[in-house]
Amino acid sequence: YAALNSGDLLYYKVQVDEPGLDVLVSLLTDQPFGDKRLYVSLGHVPTEADHDFEQIDAPNGVKQVLIPSAATGTYFILATTQVSSPNDQAASVAVVGLPFSIIAVVPGTVGQGPVTTTVIGAGFNSAMSFELLDQGRLSDRDGLDRKKTG
């Protein structure tokens, strides 16, 4: 663990040797408060203004970066916070290669009428599809507009 407090910049380096692997980088701290930030770049040290990937806000509050179909090479990671806390936060970074995974569905619950839901995860491919369920039953498909990003 490393100490993290307002204005601190923590840097990490990780080597990815398997091309096409989806990689998840997570910032782990012992204090839940604070505006923590996580940035990742391939081949160069990231800054808040210049980076290849930035965090997604996972529903569990953990700051994470998802690198889809990661290229082989050296990835550099920056963890920082702009919020002071009475004690330094003990911070570490976990990096894992992911098989098919759903990390989050945002929002997790929706009402009636037009809605937009984002599915964040790993191992997705163009042959996959998602189905909307209403209390375990397949939802009415009328008006379903599928949008693929990434």
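Summarised in this report is the structure supplied together with it. Since the model is a prediction, treat every value here as computed from it, not as a measurement.

Taking burial as the measure, the seven residues of strand β4 (residues 36–42) include five buried ones, the bulk of the element. With seven bridges joining them, β4 and strand β8 (residues 73–81) adopt antiparallel strand pairing. Each bridged residue has a counterpart across the sheet, and for Leu 38 the counterpart in β8 is Ala 79. Where β4 meets strand β5 (residues 53–54), two bridges bridge the pair, whose relative direction is antiparallel. Each residue of the ladder has a partner; that of Tyr 39, found in β5, is Glu 54.

This part is about a nonpolar patch on the surface. Among the surface-exposed residues, Phe 100, Ile 102, Val 105, Phe 124 and Met 128 lie close enough to one another that they form a single nonpolar patch of about 410 Å² accessible area. Here Val 105 shows up in strand β10 (residues 101–106). You can call Val 105 partly exposed: its relative accessible area is 35%.

With that out of the way, let us pick up unusual backbone geometry. With a phi close to 45°, Ser 69 is a non-glycine residue in the positive phi region. Note on Ser 69: relative accessible area 53%, which makes it exposed.

Checked against the element boundaries, Val 83 lands in the loop between β8 and β9 (89–98). Sequence separation of Val 83 and Asn 5 is 78 residues, and the distance between their C-alpha atoms is 7.0 Å.

The residue Ser 41 is located in strand β4 in this model. In this structure, Ser 41 is in contact with Pro 46, Asp 50, His 51, Asp 52, Thr 74, Tyr 75 and Phe 76, ignoring residues within four places of it in sequence.

Ranked by internal contacts, the top residues of the largest apolar core, which has 16 residues, are Val 25, Leu 38, Val 40 and Ile 67. Listing elements by their share of this core, those giving two or more residues are β2 (9–16), β3 (21–29), β4, β7 (63–70), β8 and β9. Aside from chain neighbours lying at most four places away, what touches Ile 67 is Leu 21, Asp 22, Val 23, Val 25, Val 40, Phe 53 and Tyr 75. Formed by six residues, the second largest nonpolar core is a distinct cluster that contains Leu 24, Leu 98, Ala 104 and Ile 120.

Glancing now at the environment of Gly 108. Among the secondary structure elements, Gly 108 is positioned in the loop between β10 and β11 (118–122). With ten residues separating them along the chain, Gly 108 and Thr 118 place their C-alpha atoms 9.1 Å apart.

Each value, and the rule that gives it
- Residues numbered from 1 in each chain as written.
- Predicted model: local features only at pLDDT ≥ 70, side-chain atom pairs only at ≥ 80, totals over all residues.
- Heavy atoms only, no water.
- Buried < 20%, exposed > 50% of the residue type's maximum accessible area, 1.4 Å probe, protein only.
- Helix = DSSP H or I, 4+ residues; strand = E, 2+ residues; numbered from the N terminus.
- Pairing = 2+ DSSP bridges.
- Patch = residues over 30% accessible without salt bridge, like charges linked within 9 Å, V, L, I, M, F, W, Y side chains within 5 Å.
- Areas by Shrake-Rupley, 256 points an atom, 1.4 Å probe, with all protein chains shown as cover.
- Salt bridge = Lys/Arg side-chain N within 4 Å of Asp/Glu carboxyl O.
- Contact = heavy atoms within 4.5 Å.
- Core = buried A, V, L, I, M, F, W, Y, C linked by side-chain atoms within 4.5 Å.

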